[in-house]
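Structural description and commentary
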Amino acid sequence: MKTITELTEEAENYFTQIDTHAEDIQSSYQHIISVLDDALSRQDGEALLQLIPYIEQGDGRFAFQHVGKTHRFHRMLHIIRLEAAFHQSLFSEGCTSARELWEKYSLTLFAMRRLLFCLSEESMAEAVHYLHNRPISYLAAFTIMQNELPALNKAFYETLAQIYEEIWSTEEIRQFYSLISSAQGGLE
């Protein structure tokens, strides 16, 4: 366990790094947003996917290290890459800007959280309605669940599969459960 002195020094180093690289951080984040906006407006999946190495190994790493939204955009890009590889509808479908892509991800996550926490009948009905009317692939659903939602259980997975049963094929539902089983060591 780190001492108070070590934690203070670590925090000071972090903020010094932010001050030192503030221009690079802002520039790389703006580049990411600009490429997202351009690629989404043209529905250019290849251009979107070129952002992954930029974020992981290029100047985009400044934004990745210091701008929280970049982590979720990075996750969305990985979802899109998976969907493209498995010939699924892309998560970015229907989005023409970075803002729209962000909203789609955020609202999907919010609806999933409503389902998970069972806040009220009305809240759950709204979540089901939202998810059913704005379908995503089983790969997107799985990735969002694994990275954003705590303490998932079999009932949650079954609810999600029921919401998408008219949208996902039987094979996609089987793959969804297979991914969950692999990730969790078997359904609980």
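Residues numbered from 1 in each chain as written. Predicted model: local features only at pLDDT ≥ 70, side-chain atom pairs only at ≥ 80, totals over all residues. Heavy atoms only, no water.

Attention now moves to the packing of helix α7 (residues 98-117) against helix α10 (residues 154-163). At a minimum axis distance of 10 Å, the contact between α7 and α10 shows a crossing angle of 130°. It follows that α7 is oblique to α10 by the angle criterion. Taken as a pair, α7 and α10 cross one another with a handedness that is right-handed. Residues Met112, Leu115 and Leu116 of α7 pack against Phe156, Thr159, Leu160 and Ile163 of α10. Class assignment of the residues belonging to the contact of α7 with α10 gives a composition of six nonpolar, one polar and no charged. (Axes fitted to C-alpha atoms, helices over the stretch in contact; angles between N-to-C directions. Helix = DSSP H or I, 4+ residues; strand = E, 2+ residues; numbered from the N terminus. Parallel < 35°, antiparallel > 145°, perpendicular 65-115°, else oblique. Left-handed = near helix turned anticlockwise from the far one by under 90°. Contact = heavy atoms within 4.5 Å. Nonpolar A, V, L, I, M, F, W, Y, C, P; charged D, E, K, R; others polar.)

Our next topic: the environment of Ser123. By the secondary structure assignment, Ser123 is in helix α8 (residues 121-133). Separated by 50 residues in the primary sequence, Ser123 and Ile173 place their C-alpha atoms 25 Å from one another.

This part is about the layout of surface pockets. By volume, the largest pocket amounts to about 210 Å³. If you go around the largest pocket, the residues you meet are Gln88, Ser89, Leu90, Phe91, Glu93, Lys104, Pro135, Ile136, Ser137, Ile167, Trp168 and Glu172. In the lining of the largest pocket, the residues fall into six nonpolar, three polar and three charged. (1 Å grid on protein atoms, 1.4 Å probe; cavity = no way out; pocket = protein on both sides within 12 Å on 5 of 7 lines; lining within 4 Å. Points joined across faces, edges and corners; volume = space filled by probe spheres on them.)

Turning to its location among the elements, Phe176 is positioned in helix α11 (residues 170-184). Residue class for Phe176 comes out buried when judged on its relative accessible area of 0%. Once the C-alpha coordinates of Phe176 and Leu139 are considered, the two residues, 37 residues apart in sequence, prove to be 7.2 Å apart. Not counting residues up to four positions away in its chain, the partners in contact with Phe176 are Tyr138, Ala141, Phe142, Met145, Tyr157, Leu160, Ala161 and Trp168. (Buried < 20%, exposed > 50% of the residue type's maximum accessible area, 1.4 Å probe, protein only.)

Now for the nonpolar core. By size, the foremost hydrophobic cluster in this structure holds 56 residues, and its most contacted members are Leu36, Phe91, Met112, Met145, Phe156, Leu160 and Phe176. If one sorts the elements of this core by residue count, α7 sits on top with nine residues. Ignoring anything within four residues of it in the chain, the contact list for Phe156 reads Met112, Leu115, Leu116, Met145 and Leu149. (Core = buried A, V, L, I, M, F, W, Y, C linked by side-chain atoms within 4.5 Å.)

According to the stated counting rule, one finds ten salt bridges in the structure shown. Measuring nitrogen to oxygen at the nearest pair gives 2.6 Å for the salt bridge that ties Glu126 to Arg114. In this pair, Glu126 is assigned in helix α8 and Arg114 in helix α7, connecting sequence segments twelve residues apart. Glu126 gets classed as partly exposed once you look at its relative accessible area, which sits at 37%. (Salt bridge = Lys/Arg side-chain N within 4 Å of Asp/Glu carboxyl O.)

With that out of the way, let us pick up α8. Here α8 contains 13 residues, and its C-alpha end-to-end distance of 18 Å stays within 8% of the 18 Å for a straight helix at 1.5 Å per residue. Of all the residues in α8, the buried ones are Ser123, Ala127, Tyr130 and Leu131. Buried residues of α8 fall within an arc of 90° about the axis and therefore sit on the same side. α8 presents Glu121, Glu122 and His129 as exposed residues on the side facing more than 90 degrees away from its buried surface. (Expected span 1.5 Å × (residues − 1). Arc of directions from axis to C-beta.)

In the contact formed by helix α6 (residues 68-85) and helix α9 (residues 138-148), the axes pass within 9 Å of each other and the chain directions differ by 150°. Accordingly, the angle class assigned to the pair α6 and α9 is roughly antiparallel. Like other packed secondary-structure pairs, α6 and α9 cross with a definite hand, here right-handed. Residues Arg72, Arg75, Ile79, Leu82 and Glu83 of α6 lie in contact with α9, whose contacting residues are Leu139, Ala140, Thr143, Ile144, Asn147 and Glu148. Residues that form the contact of α6 with α9 fall into these classes: five nonpolar, two polar and four charged.

Moving on to the side chain of Arg114. Engagement of the side chain of Arg114 in a polar contact is seen with the side chain of Ser123, the distance being 3.3 Å. Ignoring any residue separated from it by four or fewer positions in sequence, one finds Arg114 in contact with Leu119, Ser123, Met124, Glu126 and Ala127. (Polar contact = N/O pair within 3.5 Å; in protein donor to acceptor, adjacent residues only side chain to side chain.)

This is a description of form; function is not addressed.
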